[in-house]
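Letter by letter, the chains look like this.
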Amino acid sequence: MKLKDKVAIITGGAGGIGSETARLFGKEGAKVAIADFSEDEGEKTAAELRESGIDCIFVKVNVADPHSAEQMAEQVTDQFGKIDILINNAGITRDAMLKKLSKEQWQQVIDVNLSGVFHCTQAVLPYMTALGSGSIINTSSVVGVHGNVGQTNYAATKAGVIGMTKTWAKELGPKGIRVNAVAPGFVDTAMVASVPEKIMETLIEKVPLKKLGRPEDIANAYLFLSSEEAAYVNGTVLEVTGGLVI
Ligand code: CAA
Ligand code: NAI
């Protein structure tokens, strides 16, 4: 088991990539906190994982709210005694062409995808520092590296996440905390369901593997970066895109 007795918080863990990650981390021996805004989905996923023998709790959090992120870290520590791994996976899209993008759409995405990563990382930091070790993984996107039509707000956040990852890798490395990012390509979850079919077909055509990624493909990347196998990997951005941009 690659994560035996580790405690992992997975934000956005109720569904999509996050719930696959919770399942995989649980199978690898981790105690898992599914931290999500969606209470119904989160409780349901946590109950399913517990039925399969995984030590798992649901924690309600709005990552956009710093106080809520602090409560999340406290609750997980009260329950499991420590925090070894934080997967900053919660994210949203509010797509629009630049000329139509509203201030609300801009701010909502900034609050969750960028400020949310800052809030959750700041909230777990005292616990990881006390432990003298930790692994933080931030979820970027191929869109943060290469841009995408209709995603000004989202691209800004996913590029920002890379900047924070590299900064924290330098700042927290001396404290024994590794910080890395994963930049997925297009993955088959609710998030891509909103993309018009014609655009989706064009996007898949551009992928050399000619298919969408599966949530498991990203969960496996999170697992590698969280595990001892990545003990000397720090400040990297792992692209998992099927070769979409090469
Ligand atoms: N790639 C290439 N061209 C695109 C495009 C894309 N991703 N998105 C839009 N376009 C093109 C359209 O084909 C259209 O071209 P024509 O004028 O030649 O027909 C033009 O841009 C304008 O598009 P719409 O007519 O659809 O404009 P709209 O105002 O009605 O809608 C939109 C704009 C909401 C951005 C809509 O086009 C859309 O949803 N596009 C998809 C955006 C996208 O790719 N989102 C990814 C979501 S998944 C995700 O974000 C996960 C991740 O990290 C990868
Ligand atoms: P999803 O939409 O299936 O799941 C996102 C989860 O985040 C949901 O459970 C939602 O309730 C939760 N969430 C949203 N706002 C929240 C908030 N304020 N506080 C707490 N939780 C909140 O999305 P998916 O596809 O699983 O995406 C996961 C991550 O991967 C996101 O950061 C996304 O940007 C990123 N990503 C996804 C890609 C894709 O193609 N699906 C590609 C590249 C990156």
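Our subject is the structure that appears above.
These numbers come from a predicted model, not from an experiment. (Residues numbered from 1 in each chain as written. Chains lettered and ligands numbered in written order. Predicted model: local features only at pLDDT ≥ 70, side-chain atom pairs only at ≥ 80, totals over all residues. Heavy atoms only, no water.)

Enquirer: Just to check I follow, could you spell out the site of ligand 1 for this structure?
Expert: Close to ligand 1 lie 17 residues; Asp95, Lys100, Ser141, Gln151 and Tyr154 are nearest. One of the side-chain nitrogen or oxygen atoms of Asp95 is found 2.7 Å away from a nitrogen atom of ligand 1. Contact distances for ligand 1 include 2.6 Å between an oxygen atom and a side-chain N or O atom of Ser141. Its free accessible area being 990 Å², ligand 1 has 62% of it covered by the protein chains. Broken down by class, the residue content of the shell around ligand 1 amounts to 10 nonpolar, 5 polar and 2 charged. (Near = heavy atom within 4 Å. Polar contact = N/O pair within 3.5 Å; in protein donor to acceptor, adjacent residues only side chain to side chain. Areas by Shrake-Rupley, 256 points an atom, 1.4 Å probe, with all protein chains shown as cover. Nonpolar A, V, L, I, M, F, W, Y, C, P; charged D, E, K, R; others polar.)

Enquirer: Can you help me understand the packing of helix α1 (residues 16-27) against helix α9 (residues 215-226) in this one?
Expert: At a closest axis distance of 8 Å, the pairing of α1 and α9 adopts a crossing angle of 50°. Taken together, the axes of α1 and α9 are oblique relative to one another. For the pair α1 and α9, the sense of crossing is right-handed. Where α1 abuts α9, its residues Gly16, Ile17, Glu20, Thr21, Leu24 and Phe25 lie against Pro215, Glu216, Ile218, Ala219, Asn220, Tyr222, Leu223 and Ser226. In terms of residue class, the contact of α1 with α9 is built from 8 nonpolar, 4 polar and 2 charged. (Axes fitted to C-alpha atoms, helices over the stretch in contact; angles between N-to-C directions. Helix = DSSP H or I, 4+ residues; strand = E, 2+ residues; numbered from the N terminus. Parallel < 35°, antiparallel > 145°, perpendicular 65-115°, else oblique. Left-handed = near helix turned anticlockwise from the far one by under 90°. Contact = heavy atoms within 4.5 Å.)

Enquirer: Can you help me understand the side chain of Ser226 in this one?
Expert: Position of Ser226 among the secondary structure elements: in helix α9. Overall, the relative accessible area of 9% leaves Ser226 in the buried class. Only 2.7 Å separates the side chain of Ser226 from the backbone oxygen of Tyr222, close enough to count as a polar contact. If we ignore the near neighbours within four places in the chain, the residues touching Ser226 are Leu3, Phe25, Ile85, Ile87, Ser135, Ile137 and Arg178. (Buried < 20%, exposed > 50% of the residue type's maximum accessible area, 1.4 Å probe, protein only.)

Enquirer: Help me out: how do you make sense of the packing of helix α4 (residues 103-131) against helix α6 (residues 152-172) in this one?
Expert: Geometrically, a packed helix pair is captured by the angle between its two axes and the distance between the axes. Packing of α4 against α6 brings their axes to within 8 Å, and their N-to-C directions diverge by 15°. Classified by the angle their axes make, α4 and α6 are roughly parallel. Note on packing geometry: the crossing formed by α4 with α6 is right-handed. Contacts between α4 and α6 pair Gln105, Trp106, Val109, Ile110, Asn113, Leu114, Val117, Phe118, Thr121 and Leu125 from the former with Thr152, Asn153, Tyr154, Ala156, Thr157, Lys158, Gly160, Val161, Met164, Trp168 and Leu172 from the latter. Among the residues forming the contact of α4 with α6, the class breakdown is 13 nonpolar, 7 polar and 1 charged.

Enquirer: Just checking my understanding: could you explain the site of ligand 2 for this structure?
Expert: The local shell around ligand 2 holds 28 residues, among which Asp36, Tyr154, Gly185, Val187 and Thr189 are the closest. Within the backbone of Ile17, a nitrogen or oxygen atom sits 2.8 Å from an oxygen atom of ligand 2. Separating an oxygen atom of ligand 2 from a backbone N or O atom of Val187 is a distance of 2.7 Å. Notes on ligand 2: free accessible area 830 Å², of which the protein chains cover 89%. Listing elements by their share of the shell around ligand 2, those giving two or more residues are α1, α6 and α7 (190-193). Its residues assigned to classes, the shell around ligand 2 comprises 14 nonpolar, 12 polar and 2 charged.

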